[in-house]
Amino acid sequence: MKKSFAPRRLDVRAFARAGGELAGQWPLAGFARLAPLLLAADDGAVPGQLQWAVRGEELPVRGGASQTWLHLRAQAALPLACQRCLGPVLQALAIERSCQFVADEAMAQQLDGEVEHEVLVLTRELDLHALFEDELLLDLPLVPRHEACPQPLPAAAEAAAEPLAGPFAGLAALRRPPR
Ligand SMILES: [Zn+2]
């Protein structure tokens, strides 16, 4: 019988040893750290899903202990606010990463300086949901933008024509001396 693995409490070593594979999708709204950075729809909910897949691998090492690996893949279209026109923009994100799992922190730190890939410390139960959220946060674009902003840009155009438009317009009116 095939052992089943729980993505939010993954026994990484056993998963790798079994050459296990898991895949699924999680709503973006369920990522507590990521969701506040996303643009909610008119109904207040953050739309979208993360499609993810993970594969475990145990790599034999000649004359040594075998290595434990997870290969992660995920993709999502993140709803963000365009930093040019402030309109909604869907930012496609694709993650493809391999993580090596080692026994302890000292080993992880030592390897981290030597190798390009990600090195994590083995835990008894790994939460893949949290791991994918880490990856999403790492890859989140700092300045999301439309390739070409939809036309016209009423707010931006107004601001350019009239320097006092926008959030300070009200303030300027207050400062106007009484007639
Ligand atoms: Zn834009």
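Keep in mind that this is a model prediction, so the values were computed, not measured.

What counts and how
- Residues numbered from 1 in each chain as written.
- Predicted model: local features only at pLDDT ≥ 70, side-chain atom pairs only at ≥ 80, totals over all residues.
- Helix = DSSP H or I, 4+ residues; strand = E, 2+ residues; numbered from the N terminus.
- Buried ≥ 20, exposed ≤ 12 C-beta atoms within 10 Å, placed from the backbone.
- Contact = placed C-beta atoms within 7 Å.
- Pairing = 2+ DSSP bridges.
- Axes fitted to C-alpha atoms, helices over the stretch in contact; angles between N-to-C directions.
- Expected span 1.5 Å × (residues − 1).
- pLDDT = per-residue confidence, 0-100.
- Core = buried A, V, L, I, M, F, W, Y, C linked by C-beta atoms within 7 Å.

A.B. asks: For the overall build of the chain, give the residues involved together with the corresponding values.
C.D. replies: Secondary structure assignment for the chain yields five helices and five strands. For the chain, the succession of helices and strands along the chain, N to C, is α-β-β-β-β-α-β-α-α-α. Counting over 179 residues, the chain shows a buried share of 16%. Within the chain, residue pairs in contact and separated by at least 24 positions form 58% of the contacts whose partners lie at least 6 positions apart.

A.B. asks: Can you lay out the sheet that holds strand 3 (residues 67–81) for me, pointing to particular residues and giving the numbers?
C.D. replies: Backbone hydrogen bonds are what pair the strands of a sheet, in a parallel or an antiparallel way. The strand order across the open sheet formed by five strands is 1-2-3-4-5, and the pairing between neighbours is mixed. What marks the edges here is a single partner per strand, and that holds for strand 1 (21–27) and strand 5 (118–121). With direction set aside, neighbouring strand axes in the sheet form an average angle of 30 degrees. Here nine bridges tie strand 2 (residues 49–59) to strand 3, and the two strands are oriented antiparallel to one another. Bridge pairing in strand 3 links Val54 to Leu72.

A.B. asks: Could you give an account of the environment of Ile95, with specific residues and numbers?
C.D. replies: Structurally, the position occupied by Ile95 is in strand 4 (residues 88–102). Given 16 C-beta atoms within a 10 Å radius, Ile95 is considered partly exposed. Beyond its immediate stretch of four places on either side in the chain, Ile95 contacts Leu72, Arg73, Ala74, Glu135 and Asp139.

A.B. asks: Residues and numbers for helix 3 (residues 128–139), please.
C.D. replies: For helix 3, with 12 residues, the first-to-last C-alpha span of 16 Å sits near the 16 Å given by 1.5 Å per residue. Every buried residue of helix 3 is listed here: Leu128, Leu131, Phe132, Glu133, Glu135 and Leu136. The inward-facing, buried residues of helix 3 abut strand 2, strand 3 and strand 4.

A.B. asks: Outline the confidence of the model for the chain, listing residues and values.
C.D. replies: Residue-level pLDDT values for the chain average 87, and 82% of them are 70 or greater. Confidence, read as mean pLDDT per element, is least for helix 5 (residues 169–175) in the chain (50) and greatest for strand 2 (98). Counting contacts from residues 161–165, a segment whose pLDDT is below 50, to residues more than four positions away or on other chains yields four contacts.

A.B. asks: Describe the nonpolar core, with residues and values.
C.D. replies: Counting 21 residues, the largest nonpolar core has Val12, Leu28, Leu50, Leu128 and Phe132 as its most contacted members. For this core, the secondary-structure elements that each account for two or more residues are helix 1 (12–17), strand 2, strand 3 and helix 3. Leu128 has contacts with Pro7, Arg8, Leu10 and Val54, leaving out every residue within four places of it along the chain.

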